[in-house]
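What follows is the residue order along each chain.
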Amino acid sequence: MLKDKFLIKGLAGKKKLKGKIAVAGAKNAVLPALASSILFKDKFCISNAPEISDAKYMIELLENLGAETSKKLKKTLCIETKNINRSEINVDISNKLRASIILTGPLLARFGEVSFSHPGGCIIGKRPVNIFLDGYRKMGAKVTEKNGKYHIKIKAEKLEGAKIFLKKVSVTGTETLMLAGVLAKGKTILENSAMEPEIKHLAEFLNSCGAKIKGAGTPIIEITGGGLLSTKGKVYKTLPDRIETGSFLILGALSADNLEITNCIPEHIDSLIELLRQSGISINTQKNKIHIKRNAKVKNNVLNSIEVRTHEYPGFATDLQAPMCVFLTQTTGESKVHETIFEGRLNHTNDLIKMGADITMWNPHQVTVKGPTVLRGKELEGPDLRAGLAYVIAAIIAKGDSVVNNVHYIDRGYEKIEERLRDIGVDIKRVNQ
Ligand code: UD1
(Lines give C-alpha, C1' and ligand atoms only; values in the text may rest on other atoms or scores of the structure.)
Protein backbone atom coordinates (compact mmCIF):
# COMPACT_ATOMS: atom_id res chain seq x y z
CA MET A 1 0.00 0.00 0.00
CA LEU A 2 1.24 3.49 -0.83
CA LYS A 3 1.74 5.34 2.41
CA ASP A 4 1.05 9.01 1.89
CA LYS A 5 2.04 11.74 4.25
CA PHE A 6 1.04 15.36 4.70
CA LEU A 7 3.54 18.20 4.90
CA ILE A 8 1.99 21.11 6.79
CA LYS A 9 3.35 24.59 7.45
CA GLY A 10 2.06 25.82 10.79
CA LEU A 11 0.41 29.20 11.31
CA ALA A 12 2.18 29.73 14.64
CA GLY A 13 -1.10 30.58 16.33
CA LYS A 14 -2.12 33.21 13.76
CA LYS A 15 -5.78 33.41 12.75
CA LYS A 16 -5.61 33.32 8.99
CA LEU A 17 -8.02 30.77 7.58
CA LYS A 18 -10.87 32.21 5.57
CA GLY A 19 -13.50 31.30 3.04
CA LYS A 20 -16.00 28.47 2.88
CA ILE A 21 -15.53 24.80 3.60
CA ALA A 22 -18.29 22.34 2.74
CA VAL A 23 -18.94 19.26 4.86
CA ALA A 24 -19.08 15.93 3.02
CA GLY A 25 -21.57 13.08 3.55
CA ALA A 26 -21.07 11.18 6.79
CA LYS A 27 -18.95 8.05 6.95
CA ASN A 28 -21.11 6.77 9.79
CA ALA A 29 -24.25 7.28 7.71
CA VAL A 30 -23.11 5.90 4.38
CA LEU A 31 -21.73 2.63 5.83
CA PRO A 32 -24.99 1.41 7.46
CA ALA A 33 -26.92 2.69 4.44
CA LEU A 34 -24.74 0.56 2.14
CA ALA A 35 -25.34 -2.47 4.38
CA SER A 36 -29.09 -1.84 4.35
CA SER A 37 -29.14 -2.33 0.55
CA ILE A 38 -29.34 -6.08 1.34
CA LEU A 39 -32.89 -5.55 2.66
CA PHE A 40 -34.13 -4.40 -0.75
CA LYS A 41 -35.56 -6.29 -3.68
CA ASP A 42 -34.76 -3.43 -6.06
CA LYS A 43 -31.90 -1.08 -6.75
CA PHE A 44 -30.87 1.04 -3.77
CA CYS A 45 -29.21 4.38 -4.57
CA ILE A 46 -27.34 6.70 -2.22
CA SER A 47 -26.62 10.36 -2.97
CA ASN A 48 -24.11 12.68 -1.27
CA ALA A 49 -21.91 9.61 -0.70
CA PRO A 50 -18.47 10.68 0.53
CA GLU A 51 -15.48 9.53 -1.52
CA ILE A 52 -13.65 7.85 1.35
CA SER A 53 -11.83 4.55 1.54
CA ASP A 54 -14.20 3.01 4.15
CA ALA A 55 -17.12 3.41 1.71
CA LYS A 56 -14.94 1.88 -1.03
CA TYR A 57 -14.18 -1.15 1.21
CA MET A 58 -17.87 -1.58 2.06
CA ILE A 59 -18.73 -1.57 -1.65
CA GLU A 60 -15.96 -4.12 -2.30
CA LEU A 61 -17.46 -6.33 0.43
CA LEU A 62 -20.92 -6.11 -1.14
CA GLU A 63 -19.47 -6.91 -4.59
CA ASN A 64 -17.57 -9.83 -3.12
CA LEU A 65 -20.89 -11.21 -1.84
CA GLY A 66 -22.34 -11.00 -5.36
CA ALA A 67 -24.02 -7.56 -5.32
CA GLU A 68 -23.86 -5.34 -8.38
CA THR A 69 -22.82 -1.76 -7.86
CA SER A 70 -22.67 1.25 -10.13
CA LYS A 71 -21.95 4.94 -9.93
CA LYS A 72 -24.65 7.19 -11.38
CA LEU A 73 -23.26 10.62 -10.73
CA LYS A 74 -20.01 11.58 -9.02
CA LYS A 75 -21.53 11.11 -5.57
CA THR A 76 -24.43 8.78 -6.26
CA LEU A 77 -23.90 5.06 -5.82
CA CYS A 78 -26.36 2.29 -6.59
CA ILE A 79 -26.41 -1.28 -5.30
CA GLU A 80 -28.49 -4.20 -6.46
CA THR A 81 -28.38 -7.16 -4.08
CA LYS A 82 -30.70 -9.69 -5.71
CA ASN A 83 -27.78 -11.79 -6.99
CA ILE A 84 -25.97 -12.13 -3.67
CA ASN A 85 -24.76 -15.72 -3.60
CA ARG A 86 -22.41 -15.89 -0.62
CA SER A 87 -22.91 -15.45 3.08
CA GLU A 88 -19.25 -15.25 4.06
CA ILE A 89 -17.85 -11.77 4.61
CA ASN A 90 -14.39 -11.40 3.05
CA VAL A 91 -11.72 -11.50 5.76
CA ASP A 92 -9.09 -9.33 4.08
CA ILE A 93 -11.49 -6.45 3.46
CA SER A 94 -13.35 -6.69 6.77
CA ASN A 95 -9.99 -6.53 8.55
CA LYS A 96 -9.78 -2.96 7.36
CA LEU A 97 -13.11 -1.74 8.67
CA ARG A 98 -15.04 -2.42 11.82
CA ALA A 99 -18.34 -1.32 10.26
CA SER A 100 -18.24 -4.41 8.02
CA ILE A 101 -20.05 -6.08 10.91
CA ILE A 102 -23.24 -4.18 10.02
CA LEU A 103 -23.55 -6.43 6.95
CA THR A 104 -24.09 -9.44 9.21
CA GLY A 105 -27.60 -8.32 10.32
CA PRO A 106 -29.24 -7.98 6.89
CA LEU A 107 -27.32 -10.99 5.49
CA LEU A 108 -28.47 -13.25 8.31
CA ALA A 109 -32.05 -12.00 8.10
CA ARG A 110 -32.27 -12.41 4.32
CA PHE A 111 -30.21 -15.56 3.68
CA GLY A 112 -30.45 -17.41 6.99
CA GLU A 113 -26.72 -17.59 7.70
CA VAL A 114 -23.57 -15.54 7.78
CA SER A 115 -19.89 -16.05 8.61
CA PHE A 116 -17.38 -13.38 9.45
CA SER A 117 -14.08 -12.85 11.25
CA HIS A 118 -13.58 -10.46 14.11
CA PRO A 119 -13.69 -7.12 12.24
CA GLY A 120 -10.74 -4.68 12.11
CA GLY A 121 -10.83 -0.87 12.14
CA CYS A 122 -9.27 1.75 14.40
CA ILE A 123 -7.30 0.45 17.36
CA ILE A 124 -8.93 2.58 20.04
CA GLY A 125 -9.98 -0.09 22.52
CA LYS A 126 -11.12 -3.70 22.81
CA ARG A 127 -14.14 -3.44 20.49
CA PRO A 128 -15.88 -6.74 21.28
CA VAL A 129 -18.84 -8.15 19.28
CA ASN A 130 -20.85 -9.71 22.14
CA ILE A 131 -23.83 -7.37 21.65
CA PHE A 132 -24.26 -8.58 18.07
CA LEU A 133 -23.89 -12.25 18.98
CA ASP A 134 -26.23 -12.01 22.00
CA GLY A 135 -28.80 -10.29 19.80
CA TYR A 136 -28.65 -13.02 17.14
CA ARG A 137 -28.99 -15.75 19.79
CA LYS A 138 -32.09 -13.99 21.15
CA MET A 139 -33.50 -13.87 17.63
CA GLY A 140 -33.22 -17.64 17.32
CA ALA A 141 -29.84 -18.09 15.64
CA LYS A 142 -27.08 -20.53 16.55
CA VAL A 143 -23.67 -18.91 17.00
CA THR A 144 -20.49 -20.95 16.57
CA GLU A 145 -17.08 -19.48 17.11
CA LYS A 146 -13.76 -20.99 16.12
CA ASN A 147 -10.39 -19.20 16.04
CA GLY A 148 -11.90 -15.72 15.86
CA LYS A 149 -14.29 -16.74 13.10
CA TYR A 150 -18.03 -16.66 13.70
CA HIS A 151 -20.72 -18.65 11.98
CA ILE A 152 -24.34 -17.69 12.62
CA LYS A 153 -27.25 -19.73 11.33
CA ILE A 154 -30.94 -19.36 12.01
CA LYS A 155 -32.62 -22.43 13.47
CA ALA A 156 -36.18 -21.86 12.21
CA GLU A 157 -37.24 -20.66 8.78
CA LYS A 158 -36.84 -17.00 9.63
CA LEU A 159 -35.06 -14.90 12.19
CA GLU A 160 -37.48 -14.31 15.06
CA GLY A 161 -38.37 -10.99 16.62
CA ALA A 162 -37.17 -10.67 20.23
CA LYS A 163 -36.75 -8.24 23.10
CA ILE A 164 -33.07 -7.35 23.29
CA PHE A 165 -31.44 -5.18 25.93
CA LEU A 166 -28.11 -3.85 24.64
CA LYS A 167 -25.59 -4.22 27.48
CA LYS A 168 -23.81 -1.10 26.26
CA VAL A 169 -25.07 1.67 24.06
CA SER A 170 -23.56 0.57 20.75
CA VAL A 171 -24.04 2.50 17.51
CA THR A 172 -23.35 -0.26 15.01
CA GLY A 173 -24.92 -2.81 17.40
CA THR A 174 -28.18 -0.84 17.28
CA GLU A 175 -28.01 -0.41 13.51
CA THR A 176 -27.21 -4.05 12.82
CA LEU A 177 -29.97 -5.49 15.00
CA MET A 178 -32.44 -2.91 13.69
CA LEU A 179 -31.68 -3.99 10.12
CA ALA A 180 -31.98 -7.66 11.10
CA GLY A 181 -35.37 -6.95 12.68
CA VAL A 182 -36.74 -5.52 9.42
CA LEU A 183 -36.87 -9.01 7.85
CA ALA A 184 -37.52 -11.00 11.06
CA LYS A 185 -40.76 -12.67 11.97
CA GLY A 186 -42.75 -10.54 14.44
CA LYS A 187 -41.63 -7.72 16.67
CA THR A 188 -38.07 -6.88 17.73
CA ILE A 189 -37.62 -4.45 20.61
CA LEU A 190 -34.18 -2.93 21.15
CA GLU A 191 -33.73 -1.41 24.59
CA ASN A 192 -30.82 0.88 25.50
CA SER A 193 -30.34 1.70 21.82
CA ALA A 194 -27.94 4.34 20.52
CA MET A 195 -29.67 7.59 19.50
CA GLU A 196 -27.27 8.89 16.84
CA PRO A 197 -28.94 10.98 14.10
CA GLU A 198 -27.62 8.59 11.43
CA ILE A 199 -29.76 5.80 12.95
CA LYS A 200 -32.95 7.87 12.95
CA HIS A 201 -32.34 9.12 9.43
CA LEU A 202 -31.78 5.61 8.05
CA ALA A 203 -34.87 4.28 9.85
CA GLU A 204 -36.98 7.07 8.32
CA PHE A 205 -35.75 6.15 4.84
CA LEU A 206 -36.36 2.44 5.41
CA ASN A 207 -39.88 3.26 6.65
CA SER A 208 -40.55 5.21 3.46
CA CYS A 209 -39.64 1.99 1.60
CA GLY A 210 -41.96 -0.33 3.56
CA ALA A 211 -40.17 -1.00 6.86
CA LYS A 212 -41.99 -0.61 10.18
CA ILE A 213 -39.54 0.94 12.63
CA LYS A 214 -40.74 3.03 15.57
CA GLY A 215 -38.68 4.99 18.07
CA ALA A 216 -35.34 5.31 16.18
CA GLY A 217 -33.51 8.24 17.77
CA THR A 218 -34.77 7.20 21.24
CA PRO A 219 -33.42 4.44 23.53
CA ILE A 220 -36.26 2.06 22.63
CA ILE A 221 -36.68 0.98 19.03
CA GLU A 222 -39.51 -1.29 17.96
CA ILE A 223 -39.31 -3.04 14.61
CA THR A 224 -42.15 -5.06 13.13
CA GLY A 225 -40.63 -7.46 10.63
CA GLY A 226 -41.95 -8.03 7.13
CA GLY A 227 -40.81 -8.78 3.58
CA LEU A 228 -38.07 -7.27 1.39
CA LEU A 229 -38.22 -3.49 0.99
CA SER A 230 -38.57 -1.54 -2.22
CA THR A 231 -37.18 1.95 -2.95
CA LYS A 232 -39.51 2.43 -5.92
CA GLY A 233 -36.93 4.88 -7.25
CA LYS A 234 -36.43 6.84 -4.01
CA VAL A 235 -32.82 7.81 -3.25
CA TYR A 236 -31.26 7.81 0.20
CA LYS A 237 -29.41 11.10 0.83
CA THR A 238 -26.39 10.79 3.12
CA LEU A 239 -26.48 13.16 6.10
CA PRO A 240 -23.62 15.67 6.46
CA ASP A 241 -20.78 14.33 8.60
CA ARG A 242 -21.19 15.81 12.09
CA ILE A 243 -17.68 14.73 13.13
CA GLU A 244 -16.18 16.53 10.15
CA THR A 245 -18.38 19.56 10.95
CA GLY A 246 -17.10 19.55 14.53
CA SER A 247 -13.48 19.13 13.47
CA PHE A 248 -13.75 22.10 11.07
CA LEU A 249 -15.36 24.14 13.84
CA ILE A 250 -12.51 23.38 16.24
CA LEU A 251 -10.01 24.28 13.52
CA GLY A 252 -11.95 27.50 12.91
CA ALA A 253 -12.05 28.34 16.61
CA LEU A 254 -8.27 28.05 16.73
CA SER A 255 -7.20 29.59 13.46
CA ALA A 256 -9.97 31.27 11.47
CA ASP A 257 -10.09 34.86 10.45
CA ASN A 258 -13.50 34.43 8.86
CA LEU A 259 -14.73 30.93 8.06
CA GLU A 260 -18.06 29.55 6.93
CA ILE A 261 -18.76 25.84 7.35
CA THR A 262 -21.47 24.92 4.87
CA ASN A 263 -23.62 21.82 4.07
CA CYS A 264 -23.87 20.89 7.74
CA ILE A 265 -26.48 20.42 10.45
CA PRO A 266 -25.27 22.51 13.41
CA GLU A 267 -27.74 20.98 15.87
CA HIS A 268 -25.98 17.63 15.48
CA ILE A 269 -22.96 19.12 17.27
CA ASP A 270 -24.79 21.12 19.95
CA SER A 271 -22.66 19.56 22.69
CA LEU A 272 -19.46 20.83 21.04
CA ILE A 273 -20.89 24.28 20.27
CA GLU A 274 -21.97 24.63 23.89
CA LEU A 275 -18.47 23.80 25.18
CA LEU A 276 -16.70 26.10 22.71
CA ARG A 277 -19.02 28.95 23.68
CA GLN A 278 -18.33 28.25 27.34
CA SER A 279 -14.67 28.60 26.51
CA GLY A 280 -15.29 32.04 25.03
CA ILE A 281 -15.61 31.37 21.30
CA SER A 282 -18.48 33.12 19.56
CA ILE A 283 -20.18 30.98 16.97
CA ASN A 284 -23.01 31.94 14.68
CA THR A 285 -25.21 29.08 13.51
CA GLN A 286 -27.87 29.02 10.82
CA LYS A 287 -29.92 26.10 9.53
CA ASN A 288 -27.20 24.53 7.38
CA LYS A 289 -24.12 26.57 8.12
CA ILE A 290 -21.85 27.81 10.85
CA HIS A 291 -19.92 31.05 10.78
CA ILE A 292 -16.86 31.65 12.88
CA LYS A 293 -14.77 34.81 12.95
CA ARG A 294 -11.54 35.90 14.54
CA ASN A 295 -12.79 36.17 18.06
CA ALA A 296 -12.07 39.78 18.85
CA LYS A 297 -14.60 39.45 21.65
CA VAL A 298 -12.50 36.92 23.54
CA LYS A 299 -11.37 38.94 26.56
CA ASN A 300 -7.58 39.60 26.55
CA ASN A 301 -7.31 36.74 24.06
CA VAL A 302 -7.91 34.27 26.87
CA LEU A 303 -9.94 31.10 26.27
CA ASN A 304 -11.47 29.52 29.37
CA SER A 305 -10.50 26.01 30.37
CA ILE A 306 -13.37 23.51 30.26
CA GLU A 307 -14.36 19.98 31.22
CA VAL A 308 -15.04 17.48 28.46
CA ARG A 309 -16.75 14.15 29.06
CA THR A 310 -17.43 11.95 26.05
CA HIS A 311 -20.87 10.43 25.97
CA GLU A 312 -23.23 8.68 23.57
CA TYR A 313 -25.27 11.04 21.37
CA PRO A 314 -26.51 13.69 22.11
CA GLY A 315 -23.52 13.95 24.48
CA PHE A 316 -20.03 14.97 23.42
CA ALA A 317 -18.87 12.57 20.66
CA THR A 318 -15.84 10.41 21.42
CA ASP A 319 -14.88 10.95 17.77
CA LEU A 320 -14.35 14.66 18.53
CA GLN A 321 -12.29 14.07 21.66
CA ALA A 322 -8.88 14.10 19.92
CA PRO A 323 -9.45 17.39 18.03
CA MET A 324 -10.90 18.85 21.25
CA CYS A 325 -7.69 17.98 23.12
CA VAL A 326 -5.80 20.10 20.57
CA PHE A 327 -8.19 22.98 21.30
CA LEU A 328 -7.63 22.59 25.03
CA THR A 329 -3.88 23.13 24.64
CA GLN A 330 -4.81 26.74 23.78
CA THR A 331 -7.15 27.38 26.73
CA THR A 332 -5.90 29.06 29.89
CA GLY A 333 -5.76 27.03 33.08
CA GLU A 334 -6.47 23.35 33.55
CA SER A 335 -8.99 21.51 31.39
CA LYS A 336 -10.15 17.96 32.08
CA VAL A 337 -10.99 15.24 29.59
CA HIS A 338 -12.84 12.08 30.54
CA GLU A 339 -13.08 9.53 27.70
CA THR A 340 -15.89 7.23 28.78
CA ILE A 341 -16.48 5.13 25.63
CA PHE A 342 -13.13 3.61 24.62
CA GLU A 343 -10.14 2.62 26.72
CA GLY A 344 -7.34 3.33 24.21
CA ARG A 345 -8.44 6.64 22.88
CA LEU A 346 -6.23 9.10 24.76
CA ASN A 347 -2.90 7.75 23.53
CA HIS A 348 -2.69 10.52 20.95
CA THR A 349 -1.93 12.92 23.82
CA ASN A 350 1.66 11.55 23.89
CA ASP A 351 2.26 13.14 20.51
CA LEU A 352 0.70 16.42 21.57
CA ILE A 353 3.11 16.38 24.52
CA LYS A 354 6.00 15.96 22.05
CA MET A 355 4.70 19.06 20.28
CA GLY A 356 4.86 21.01 23.54
CA ALA A 357 1.46 20.41 25.14
CA ASP A 358 1.29 20.13 28.94
CA ILE A 359 -0.89 17.04 29.39
CA THR A 360 -1.01 14.55 32.26
CA MET A 361 -2.62 11.15 31.84
CA TRP A 362 -4.12 9.91 35.12
CA ASN A 363 -5.46 6.65 33.72
CA PRO A 364 -6.45 5.36 30.25
CA HIS A 365 -9.70 7.32 30.49
CA GLN A 366 -8.64 10.66 31.99
CA VAL A 367 -6.22 13.45 31.21
CA THR A 368 -5.76 17.05 32.26
CA VAL A 369 -4.50 19.65 29.79
CA LYS A 370 -2.77 22.80 31.06
CA GLY A 371 -2.54 25.76 28.78
CA PRO A 372 -2.01 27.77 26.83
CA THR A 373 1.11 26.22 25.30
CA VAL A 374 2.79 26.88 21.99
CA LEU A 375 2.77 23.73 19.88
CA ARG A 376 5.87 23.10 17.75
CA GLY A 377 5.88 21.37 14.36
CA LYS A 378 6.98 17.70 14.52
CA GLU A 379 6.91 14.47 12.54
CA LEU A 380 3.82 12.57 13.72
CA GLU A 381 2.48 9.08 13.12
CA GLY A 382 -1.30 9.37 12.80
CA PRO A 383 -2.50 6.50 15.05
CA ASP A 384 -6.12 6.29 13.81
CA LEU A 385 -8.72 8.08 11.74
CA ARG A 386 -9.96 10.72 14.19
CA ALA A 387 -6.64 11.33 15.95
CA GLY A 388 -5.06 11.62 12.47
CA LEU A 389 -7.22 14.64 11.73
CA ALA A 390 -6.51 16.04 15.19
CA TYR A 391 -2.79 15.91 14.31
CA VAL A 392 -3.51 17.85 11.12
CA ILE A 393 -5.24 20.53 13.24
CA ALA A 394 -2.34 20.55 15.72
CA ALA A 395 0.13 20.90 12.83
CA ILE A 396 -1.87 23.82 11.38
CA ILE A 397 -1.78 25.85 14.61
CA ALA A 398 1.82 24.90 15.44
CA LYS A 399 4.96 26.94 15.04
CA GLY A 400 7.10 25.43 12.28
CA ASP A 401 6.61 22.60 9.82
CA SER A 402 5.08 19.18 10.54
CA VAL A 403 4.86 15.87 8.80
CA VAL A 404 1.74 13.76 9.44
CA ASN A 405 2.34 10.14 8.41
CA ASN A 406 -0.25 7.38 7.97
CA VAL A 407 -2.59 9.51 5.91
CA HIS A 408 -4.38 6.32 4.82
CA TYR A 409 -6.16 6.40 8.20
CA ILE A 410 -7.42 9.93 7.53
CA ASP A 411 -8.51 8.90 4.01
CA ARG A 412 -10.78 6.27 5.59
CA GLY A 413 -13.20 8.95 6.71
CA TYR A 414 -12.35 12.34 5.24
CA GLU A 415 -12.72 13.05 1.55
CA LYS A 416 -9.69 14.74 -0.09
CA ILE A 417 -9.16 16.66 3.10
CA GLU A 418 -5.97 18.41 1.96
CA GLU A 419 -7.67 19.96 -1.08
CA ARG A 420 -10.48 21.36 1.02
CA LEU A 421 -8.12 22.68 3.68
CA ARG A 422 -5.92 24.30 1.04
CA ASP A 423 -8.96 26.19 -0.25
CA ILE A 424 -9.35 27.96 3.11
CA GLY A 425 -5.68 28.88 3.35
CA VAL A 426 -3.90 25.90 4.91
CA ASP A 427 -0.42 25.21 3.54
CA ILE A 428 -0.68 21.42 3.20
CA LYS A 429 0.82 19.03 0.66
CA ARG A 430 0.28 15.30 0.13
CA VAL A 431 3.44 13.35 -0.65
CA ASN A 432 3.64 9.71 -1.74
CA GLN A 433 6.32 7.77 0.06
C1 UD1 B 1 -19.43 3.79 16.16
C2 UD1 B 1 -18.86 4.76 15.17
C3 UD1 B 1 -17.53 5.30 15.68
C4 UD1 B 1 -17.68 5.87 17.08
C5 UD1 B 1 -18.40 4.90 18.01
C6 UD1 B 1 -18.76 5.52 19.34
C7 UD1 B 1 -19.71 3.92 13.06
C8 UD1 B 1 -19.42 3.24 11.77
N9 UD1 B 1 -18.68 4.06 13.91
O10 UD1 B 1 -18.52 2.70 16.30
O11 UD1 B 1 -17.11 6.32 14.78
O12 UD1 B 1 -16.40 6.14 17.61
O13 UD1 B 1 -19.62 4.43 17.42
O14 UD1 B 1 -19.56 6.63 19.17
O15 UD1 B 1 -20.81 4.37 13.29
N16 UD1 B 1 -19.22 -2.59 22.73
C17 UD1 B 1 -19.31 -3.78 23.43
N18 UD1 B 1 -19.78 -4.89 22.77
C19 UD1 B 1 -20.16 -4.86 21.47
C20 UD1 B 1 -20.07 -3.64 20.76
C21 UD1 B 1 -19.59 -2.52 21.42
O22 UD1 B 1 -18.99 -3.83 24.61
O23 UD1 B 1 -20.56 -5.90 20.95
C24 UD1 B 1 -18.70 -1.39 23.41
C25 UD1 B 1 -17.42 -0.82 22.79
O26 UD1 B 1 -16.27 -1.48 23.24
C27 UD1 B 1 -17.49 0.63 23.26
C28 UD1 B 1 -18.99 0.92 23.29
O29 UD1 B 1 -19.65 -0.35 23.28
O30 UD1 B 1 -16.98 0.74 24.56
C31 UD1 B 1 -19.49 1.73 22.15
O32 UD1 B 1 -19.01 1.20 20.92
P33 UD1 B 1 -19.90 1.21 19.60
O34 UD1 B 1 -20.97 2.24 19.72
O35 UD1 B 1 -20.32 -0.18 19.30
O36 UD1 B 1 -18.86 1.66 18.51
P37 UD1 B 1 -18.99 1.33 16.98
O38 UD1 B 1 -20.44 1.14 16.66
O39 UD1 B 1 -18.02 0.31 16.58
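See the structure shown above.
Here we summarise the structure given alongside this text. (Residues numbered from 1 in each chain as written. Predicted model: local features only at pLDDT ≥ 70, side-chain atom pairs only at ≥ 80, totals over all residues. Heavy atoms only, no water.)

**Description of the pattern of salt bridges**
A complete count under the given rule lists 26 salt bridges for this structure. In this structure, Asp4 engages Arg430 in a salt bridge whose closest nitrogen and oxygen atoms are separated by 2.8 Å. Of this pair, Asp4 sits in strand 1 (residues 4-9) while Arg430 sits in strand 23 (residues 427-432); the two residues are 426 residues apart in sequence, bridging distant segments of the chain. Using a relative accessible area of 26% as the deciding quantity, one classes Arg430 as partly exposed. (Salt bridge = Lys/Arg side-chain N within 4 Å of Asp/Glu carboxyl O. Helix = DSSP H or I, 4+ residues; strand = E, 2+ residues; numbered from the N terminus. Buried < 20%, exposed > 50% of the residue type's maximum accessible area, 1.4 Å probe, protein only.)

**A word on the side chain of Glu418**
Within the fold, Glu418 resides in helix 14 (residues 417-423). Residue classification places Glu418 among the buried residues on the basis of a relative accessible area of 6%.

**Details of the site of the ligand**
Taken together, 19 residues sit near the ligand, with Asn130, Ser170, Thr172, Asp319 and Ile341 positioned nearest. In the environment of the ligand, an oxygen atom lies 3.0 Å from a nitrogen or oxygen atom belonging to the side chain of Asn28. One of the side-chain nitrogen or oxygen atoms of Ser170 is found 2.7 Å away from an oxygen atom of the ligand. Summarising the interface, the protein chains cover 91% of the accessible area of the ligand, which totals 750 Å² for the free molecule. Listing elements by their share of the shell around the ligand, those giving two or more residues are helix 5 (130-138) and helix 6 (171-182). Element by element, the count of residues in the shell around the ligand is highest for helix 5, at 3 residues. Here the shell around the ligand is built from residues that sort into 9 nonpolar, 5 polar and 5 charged. (Near = heavy atom within 4 Å. Polar contact = N/O pair within 3.5 Å; in protein donor to acceptor, adjacent residues only side chain to side chain. Areas by Shrake-Rupley, 256 points an atom, 1.4 Å probe, with all protein chains shown as cover. Nonpolar A, V, L, I, M, F, W, Y, C, P; charged D, E, K, R; others polar.)

**A word on the state of the cysteines**
According to the stated counting rule, one finds 1 disulfide in the structure shown. Paired by a disulfide, Cys45 and Cys78 hold their sulfur atoms 2.2 Å apart. For the disulfide bridge between Cys45 and Cys78, the dihedral angle about the S-S bond is near 110°, and by the sign convention the bridge is right-handed. Pair noted here: Cys45 is in strand 3 (residues 44-47) and Cys78 is in strand 5 (residues 76-80), with a separation of 33 residues, a long-range link. With respect to burial, Cys45 and Cys78 carry one shared label: buried. (Disulfide = S-S within 2.5 Å.)

**A few points about the packing of helix 1 (residues 27-36) against helix 7 (residues 197-208)**
The geometry of helix 1 relative to helix 7 is characterised by a closest axis approach of 9 Å and an angle of 35° between their N-to-C directions. Crossing hand, helix 1 versus helix 7: right-handed. In contact with Asn28, Ala29, Pro32, Ala33 and Ser36 of helix 1, helix 7 contributes Glu198, Leu202 and Leu206. Across the contact of helix 1 with helix 7, the residue classes tally to 5 nonpolar, 2 polar and 1 charged. (Axes fitted to C-alpha atoms, helices over the stretch in contact; angles between N-to-C directions. Left-handed = near helix turned anticlockwise from the far one by under 90°. Contact = heavy atoms within 4.5 Å.)

**Describing the nonpolar core**
With 75 residues, the main nonpolar core has Leu34, Ile46, Leu103, Ile152, Leu159, Leu206 and Ile213 as its most contacted residues. Here this core gets 7 residues from one element, more than from any other, and that element is helix 2 (residues 53-65). Apart from the residues lying within four places of it in its own chain, the contact partners of Leu34 are Ile46, Ala55, Met58, Ile59, Leu62, Leu77 and Ile79. (Core = buried A, V, L, I, M, F, W, Y, C linked by side-chain atoms within 4.5 Å.)

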